[in-house]
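# Observations on the model geometry
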Amino acid sequence: MSGGQIALIIIAVAVLLLVLFIGLFLVKLTQTLGVLTKDVDVIARGANDILANVDTLLSDVNGKVATIDPAFQAIADLGTSVSDLNAATSNLTSKVKGSASSNTTKVASAVFAANTARKNHKKNRKANKTAE
């Protein structure tokens, strides 16, 4: 055997080993992809079940929200009514305060005038009694 033939045998063995390693690698890769495919299928089925449950839950929540909406509208209307009532009460209070201070001045003037008239009447009565 010559040196060229030995080199050819070494290259052939190296290529054979390389083909065997690539073959083993491809077999392992195929097995891994098979397991991965099964796991993805299981996850996909679970995701479909979850999506179906979410769809059912969302329909239920939408139905209940539709039932509650009139109550929230009524509460909003009540809030508006209470706000309007507060504004009306504030206006009435302002008017009553304004007329009360005006009336207080009028009443004070009337009381002063009445007291003055009463004092003058007493003086006149005393003067008339002493003159008699």
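As the structure is a computational prediction, the values presented were derived from the model and not from experiment.

### Concerning the overall build of the protein
- Tallying secondary structure elements over the protein gives 1 helix and 0 strands in all.
- The proportion of buried residues among the 132 residues of the protein is 0%.
- Element-wise, carbon and sulfur atoms account for 69% of the exposed surface of the protein, whose accessible area totals about 11500 Å².

### A word on a nonpolar patch on the surface
- Residues Met-1, Ile-6, Ile-9, Ile-10, Val-13, Leu-16, Leu-17, Leu-20, Phe-21 and Leu-24 make up a contiguous nonpolar surface patch of roughly 1000 Å² in combined accessible area.
- Considering the arrangement of structural elements, one finds Val-13 in helix H1 (residues 3-131).

### Quick word on the pattern of salt bridges
- Enumeration according to the criterion identifies 1 salt bridge in this entry.
- Between Lys-64 and Asp-60 there is a salt bridge, and its shortest N-O distance comes to 3.3 Å. You can see Lys-64 and its partner Asp-60 sitting in helix H1, 4 residues apart, about one turn around the helix.
- Residue classification places Asp-60 among the partly exposed positions, given a relative accessible area of 37%.

### Here's the deal with the UniProt feature "transmembrane region" (unreviewed entry) in the protein
- According to UniProt, the "transmembrane region" (unreviewed entry) feature falls on residues 6-27.
- Split by type, residues 6-27 is 100% helix and 0% strand. Its first and last C-alpha atoms lie 31 Å apart.

### Topic: a positive patch on the surface
- Together, Arg-118, Lys-119, Lys-122, Lys-123, Arg-125 and Lys-126 give the surface a local cluster of positive charge.
- You can see Lys-123 is positioned in helix H1.
- Exposure remark for Lys-123: the relative accessible area of 60% places this residue in the exposed category.

Conventions and cut-offs
- Residues numbered from 1 in each chain as written.
- Predicted model: local features only at pLDDT ≥ 70, side-chain atom pairs only at ≥ 80, totals over all residues.
- Heavy atoms only, no water.
- Helix = DSSP H or I, 4+ residues; strand = E, 2+ residues; numbered from the N terminus.
- Buried < 20%, exposed > 50% of the residue type's maximum accessible area, 1.4 Å probe, protein only.
- Areas by Shrake-Rupley, 256 points an atom, 1.4 Å probe, with all protein chains shown as cover.
- Patch = residues over 30% accessible without salt bridge, like charges linked within 9 Å, V, L, I, M, F, W, Y side chains within 5 Å.
- Salt bridge = Lys/Arg side-chain N within 4 Å of Asp/Glu carboxyl O.
- UniProt positions renumbered as here; feature names shortened; annotations may be inferred.
- Lys, Arg positive; Asp, Glu negative; His and termini not counted.
- Charge placed at Lys NZ, Arg CZ, Asp CG, Glu CD.

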